Amino acid sequence: MCALAAPNLSEAMQTYLQLKGAERPKTFRIAAMRNAQAVMDILGDRPISQYSTVDAGRVRDALFGRGLAVLSVRRSFTTIKAIINLTIAEHGLDIHNPFSATYMPEADSKKRVSIPVETIRQIQRSCMEHDDEMRWLVALISDTGMRLAEAAGLNVNDIKLHEDTLYVDIRPHSWRSLKTKGSQRQVPLVGASLWAAQRIKANASSCFAFPRYTDHNRCNANSASNALNKWIQANFRDDIVMHGFRHAMRDRLRAASCPSEMIDQISGWSSGRIGESYGEGYLRYQQGDFLERLCIN
């Protein structure tokens, strides 16, 4: 196929969604459509072969003109590049992706703060004093290092309190997918997280662990993030957010001399090492031994 027969961007977007979006969350489709539409609003819906590097620069400048931050524009370009690259490959086009080398200024990004252990203990004590759904969510994350959406989107039956090793089964659901394949895992429950899990099970009023934020259609992790960040910043430190518990978990496990591969397994990180795809990984009781150490140090 020659460059003149290249599909329009709107067609390229549909191909991208059909091939890449089948098992992805709704947000994936929304982002692809929004970013492709932004290009079409600025440049028109042309055959992808008819966009130039100058056009790509016009899109960048227009997005900055709308008040978008550098990181947001970069994310938009990442999606646009992916849409066009896939279409080039699928159609065997001998063309260059004009969005692939657009200059972006440096971003002023704040480094996420790892929550100090002393502050974690204060937050956990406050959670137990309040003893409500919002604080159960904070406490559950505090000694497991789960992502907020992973915790907020749990089914009550994902919490296993009648096993030799008490744990939470983090798996995808129709209302909440997982970030990566490696995110599916089982994390032992200890300390404040075990307390929260017990309170959730004892007070369950539906199949959802956190019905305030989750229903059969979606898990509203953004709403949970806004509310919980506001609470911890108003009452503890104004430079920390919920995601800081994940950073803290890595620091705490490292301080306990936990093997790096086990740290990755507990938190659902992919290390990128070839060997991580071999074997079954560490057993729950082995992970639990290290997590228990965090509760006494």
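Parameters and conventions
Residues numbered from 1 in each chain as written. Predicted model: local features only at pLDDT ≥ 70, side-chain atom pairs only at ≥ 80, totals over all residues. Heavy atoms only, no water. Helix = DSSP H or I, 4+ residues; strand = E, 2+ residues; numbered from the N terminus. Contact = heavy atoms within 4.5 Å. Phe/Tyr/Trp six-rings, centres within 6.5 Å; stacked < 30°, edge-to-face > 60°. Buried < 20%, exposed > 50% of the residue type's maximum accessible area, 1.4 Å probe, protein only. Expected span 1.5 Å × (residues − 1).

Q: What should I look at first to understand the side chain of Thr119 in this one?
A: Among the structural elements, Thr119 can be located in helix α5 (residues 117–130). Ignoring sequence-local partners within four residues, the contact set of Thr119 consists of Phe236, Arg237 and Ile240.

Q: Hey, could you run me through the packing of aromatic side chains in this one?
A: Describing an aromatic ring pair means giving the distance of the ring centres and the angle of the ring planes. Summed over all chains, the structure comprises 5 aromatic pairs. Taken together, a centroid distance of 6.2 Å and an interplanar angle of 70° make the contact between Tyr51 and Phe99 edge-to-face. Residue Tyr51 is found in the loop between α2 (26–43) and α3 (53–65), and its partner Phe99 is found in the loop between α4 (70–91) and α5; the two are separated by 48 residues along the sequence. For the pair formed by Tyr51 and Phe99, the shared burial category is buried. Ring pairs connect the aromatic residues Tyr51, Phe77 and Phe99, which therefore count as one cluster.

Q: Help me understand α3, please; the structure alone is not making it clear to me.
A: Working note: α-helix, 3.6 residues per turn, so residues spaced by three or four point in the same direction. In this model α3 runs 18 Å from its N-terminal to its C-terminal C-alpha over 13 residues, within 8% of the 18 Å that 1.5 Å per residue would give. If you check which residues of α3 are buried, you get Asp55, Ala56, Gly57, Val59, Arg60 and Leu63. Contacts from the buried residues of α3 go to α2 and α4. Backbone geometry just after α3 places Gly67 at a positive phi near 95°.

Q: Sorry, what's going on with unusual backbone geometry here?
A: Phi is mostly negative for residues that are not glycine, and the peptide bonds are mostly trans. Its identity is not glycine, yet Asp131 carries a phi of approximately 50°, on the positive side. Looking at the element boundaries, Asp131 is found in the loop between α5 and α6 (133–142). For Asp131, a relative accessible area of 28% puts it in the partly exposed group. With a phi close to 65°, Ser257 is a non-glycine residue in the positive phi region.

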